[in-house]
Amino acid sequence: MIMKSKLFALFSILIIMLCLTMITAPGCGDGDNETATDSSPEVGFDEALWNDPPTEYWPYVRWWWPGGAVDSEELKIEMVLLKGIGVGGVEVQAFQFGFTPMEIENDPAIRSVGTPEFFQKIRIVAEEADRLGMTFDFTLGSGWSSGGPFVSEAPERQLLMSSLDVNGPGSYEGTIPTAEPAEYRNIINNIIDALGPFDTNVDLIAVTAARIVDDTSEPPTLHSFQDITSFVQDDILKWDVPEGNWKIFAFYQNRTNHHPVGSAYSGSEDDALIMDHLDEAGIQEVIDGFAVPLLEACGEYAPQAVFVDSFEMVGELPWTTFLLETFRDLKGYDLTPYLPLVFQQKGESKYTEILHQVMGEGSLAIYVSSEIGDRVREDYEEVRAGMFLDNFVVPLRDWAHQNDLTLRLQSQGGWGDYLDVYEIADIPESEALFAGGTFDFMKLASSAAHTAGRIYTGLESFVSMNNDPRAQTIEDLHLLGGRAFSAGITRIIYHVFPYQYIRENGKRWYGAPAVHERDEYEMIAIGPIPFTIRLDENHQVWPDLSGFNKYLARLCYALTLGKNVADIAWLQPDWRVPDTVVMNIDGYLPEQGESEISLSLRRSGLTYDRVSRKGLTNAIVKDGYFMVGAARYEALLLNEFDVATPELMASIEEIAGAGIPVIVMGDLPGRAPGFVDWEERDTATQGITARLQSKVTFAAEESEVGSALLSAGMQPSLAPSDGGELAFAVVRRELPEGDIFFLFNESNRDRTQILDINVRAKGVRVLDPQTGGLVTEAIPDESEQLSIRVAIPAKRSLVLVAEH
């Protein structure tokens, strides 16, 4: 999760590369189990609330604690301090990063998370939050991902694969391949120490065989898959080998022994295990062992939300005890013979994903098999995603609602479709570090909020990779904050304010010191990856935070009124987004990392949401528009769209058949996913693809997508009067009596533009969120065209209130 000179920056990158390459050997539900929509009540824009927003609209802060080593009076002092700079709520995360083993030994309170004494400290925060009119949230456990010493029956599990080669025809009688530690363990522990000893208590799940078609190809090609488990007795296999070269595979289930990174529970670090996110028993153990005692300690001073941080799970093949049975029930065939086809090189985790990117590696499959390899893997991922949602996300949400809590959740790194997972949360939350914190990535969380009808979209904000932990200036915060709001974020969560704890070396504890300040132990425990975190009274932005937070609060208020309006549904064709490393060596650049398609749309004045495959499959077509969940769209955009179910294609065909513009970058799908009835389903997908050729518009270049939509009849709500490109990012909120527009100048220079307002309005007021004051106003001219001249300084924003 976790740069001054360019030379040092390069050195840091090289360290990361070396580490990688040297290892190649407040809307709360009502308790209903269904996902409820939490759209803003139909209220108008209130000048008083705009000028002085209540604390519910103020930004939050992630409050890092040195485990349980916190003092009751200091907790109160820091909450008053935070309230004084305009922070409306805190999220408590207690862990032990940044300490040496000796410091931990000398202060046992550090490793006391989960004890009654720790929960009493949480109670103090709950009482003080109530007294100050603030709110507080708690992270589900210590460190990340969620787990603890109370996880025993359902820890994170994996499937291991071992193999040997035999030749036929002939008979084989001998031991089966033994379970061995997977390669990914060294990769991860060289990046971040997160795995305990290899679990030798393995359970044999199956023994299979496959004929080697071509062992010179990369990956090797297999065929003729067989389940030969029945020929095994007491680990001895007796099998008549058919003609040809064969591989015999043995599959074992065991614990990953993955502990929450940085956790500060009492006892040994290896005693705390991450839960099985595919088995409901896993989340229940965490609820019973951590969340329930925390709520009991808080009593009548309940937290507002439970927060789940990004998922950083690992495994050779993510698994649970009943996955084979669930797969058979859902897919209608036995996965067992085909298990070799679902394993990937170096296992599965965000860390190995980054390694694959750095190495520029192609296929991740260890073995392939003509038509069926990718298809079996697709079925496995679909079943795993369903289990992740049904056995982790939904039960946690239901428990939260039953206890009058809101669920805040980051979906990145998990096993489900990011958009579908975000939709289940009451407050989907993005992260400014994952995937570089780009506009495109932040749009995923806000898009899910729109389709689910949520009010808030959170962002773990103002964190990036930089050598200097206090490098950010107030101008940087304006750029990053404005970008976040323009991506649909409505709640800012500062990352991070560290509790004031003085270490044995006389320095303040920061959780993760600057790279050049880390001692040998810290370099091992935290790694060489630098990032900005030191938000405290000594940070250069501290004197400006009170005014800046008022600015953020006004924007939060305005952008949670009414309902978001997006012109285009842009299909997210893959269930995941790869993490990427973005080093902010020379500061922050406007539009950094944003895709060319997104920029093309925004410069054309068009707004968009990303929608999932599931969401688009279930779209409802109306007269001239279609609905995905609670959100309405007037055009559809498809790109990188190679594989689609016939059901999804049928929905797209219905949309196109209703005369709604459908823009395609690249080709339409040539096959359906999955193994069952694949030939029949491929034919169905291909048939719809053929019929769609004359009903959709193909864009040749990513930069032409916006102009293609304009040519198809799309009209932006705001458009430059001179017909040129829009100079500002736009968010539109529709209210009963008008519309609110957020305009952000994401550039390093001041910009001025005359804009036509293409919505029904008798007038428009332009407000400055920094001061709350009126900048200018306008009414329609004789031709009833409403236009206004807008001047926005660099990295600043304005709010337009258009009244019917």
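Data block above holds the structure.
Participant: For this particular structure, what's the right way to read the packing of aromatic side chains?
Facilitator: Aromatic ring pairs are described here by two measures, namely the spacing of the ring centres and the angle between the planes. Across all of its chains, the model carries 40 aromatic pairs by this definition. With a centroid separation of 5.8 Å and an interplanar angle of 35 degrees, the aromatic rings of F251 and F343 are classed as tilted. With F251 in strand 9 (residues 236-255) and F343 in the loop between helix 8 (323-331) and helix 9 (350-359), this residue pair connects regions lying 92 residues apart in the sequence. Judged by relative accessible area, F343 falls into the buried class, the value being 0%. In this structure an aromatic cluster arises from ring pairing among W63, W65, F118, F119, F138, F150, Y265 and F290. Sitting over the ring of Y456, R491 keeps its end group 4.1 Å from the ring centre. Over the face of the ring belonging to F439 we find R602, whose NZ or CZ atom lies 3.9 Å from the ring centre.

Participant: In this structure, what is going on with empty space enclosed by the protein? I would like to understand it.
Facilitator: Here the idea is plain: a probe the size of a water molecule rolls over the atoms and shows the empty space left. In this structure, the largest cavity spans a volume of roughly 150 Å³. Lining the largest cavity are 20 residues, and of these K443, S486, T607, Y608 and V730 sit closest to its centre. Mapped by element, the contributors of at least two residues to the lining of the largest cavity are helix 12 (439-452), strand 17 (563-565), strand 19 (608-611) and strand 27 (729-735). A breakdown of the residues in the lining of the largest cavity according to their chemical character gives 10 nonpolar, six polar and four charged.

Participant: Looking at this structure, I do not really get helix 15 (residues 545-558). What am I missing?
Facilitator: Each α-helix turn comprises 3.6 residues. Residues three or four places apart therefore point the same way. Over its 14 residues, helix 15 extends 20 Å from the first C-alpha to the last, a length consistent with the 20 Å expected when each residue adds 1.5 Å. Of all 14 residues in helix 15, 11 are buried, a share of seventy percent or more. Turning to helix 15, its buried residues number three or more, namely L545, F548, N549, Y551, L552, A553, R554, L555, C556, Y557 and A558. Buried residues along helix 15 sit in contact with helix 2 (47-51), helix 13 (474-486), strand 16 (491-498), strand 27, strand 28 (738-744) and strand 33 (797-803).

Participant: So what exactly am I meant to see when it comes to the sheet that holds strand 27 here?
Facilitator: Backbone hydrogen bonds are what pair the strands of a sheet, in a parallel or an antiparallel way. Pairing is antiparallel across the open sheet formed by six strands, whose spatial order is 17-27-28-33-30-31. Edge positions in the sheet fall to strand 17 and strand 31 (774-778), since each has one partner strand and no second. For this sheet, the mean angle separating the axes of adjacent strands, direction not counted, is 25 degrees. One ladder, built from seven bridges, connects strand 28 with strand 33; its direction is antiparallel. For G738, the partnering residue across the bridge sits in strand 33 and is E803.

Participant: I'm lost on the pairing of strand 31 in this one. Help?
Facilitator: Residues in a regular strand project their side chains so that they alternate between the two faces of the sheet. Judged from the four bridges that link them, strand 30 (residues 763-767) and strand 31 form a sheet pairing that is antiparallel. From the neighbouring strand, R765 faces strand 31, where its bridge partner is E777. Counted between consecutive antiparallel strands, the loop separating strand 30 from strand 31 contains six residues, among which G772 sits at a positive phi close to 85 degrees.

Participant: Whenever I open this one, the environment of N201 confuses me. Can you help?
Facilitator: Structurally, N201 can be placed in the loop between helix 6 (184-191) and strand 6 (203-214). By relative accessible area, N201 is classed as exposed at 57%. In sequence terms N201 and Q304 are 103 residues apart; their C-alpha atoms lie 41 Å from each other. Here N201 is in contact with Q253 and N254, once residues within four sequence places are set aside.

Calculation rules
- Residues numbered from 1 in each chain as written.
- Predicted model: local features only at pLDDT ≥ 70, side-chain atom pairs only at ≥ 80, totals over all residues.
- Heavy atoms only, no water.
- Phe/Tyr/Trp six-rings, centres within 6.5 Å; stacked < 30°, edge-to-face > 60°.
- Helix = DSSP H or I, 4+ residues; strand = E, 2+ residues; numbered from the N terminus.
- Buried < 20%, exposed > 50% of the residue type's maximum accessible area, 1.4 Å probe, protein only.
- Lys NZ or Arg CZ within 6 Å of the ring centre and 35° of its normal.
- 1 Å grid on protein atoms, 1.4 Å probe; cavity = no way out; pocket = protein on both sides within 12 Å on 5 of 7 lines; lining within 4 Å.
- Points joined across faces, edges and corners; volume = space filled by probe spheres on them.
- Nonpolar A, V, L, I, M, F, W, Y, C, P; charged D, E, K, R; others polar.
- Expected span 1.5 Å × (residues − 1).
- Contact = heavy atoms within 4.5 Å.
- Pairing = 2+ DSSP bridges.
- Axes fitted to C-alpha atoms, helices over the stretch in contact; angles between N-to-C directions.

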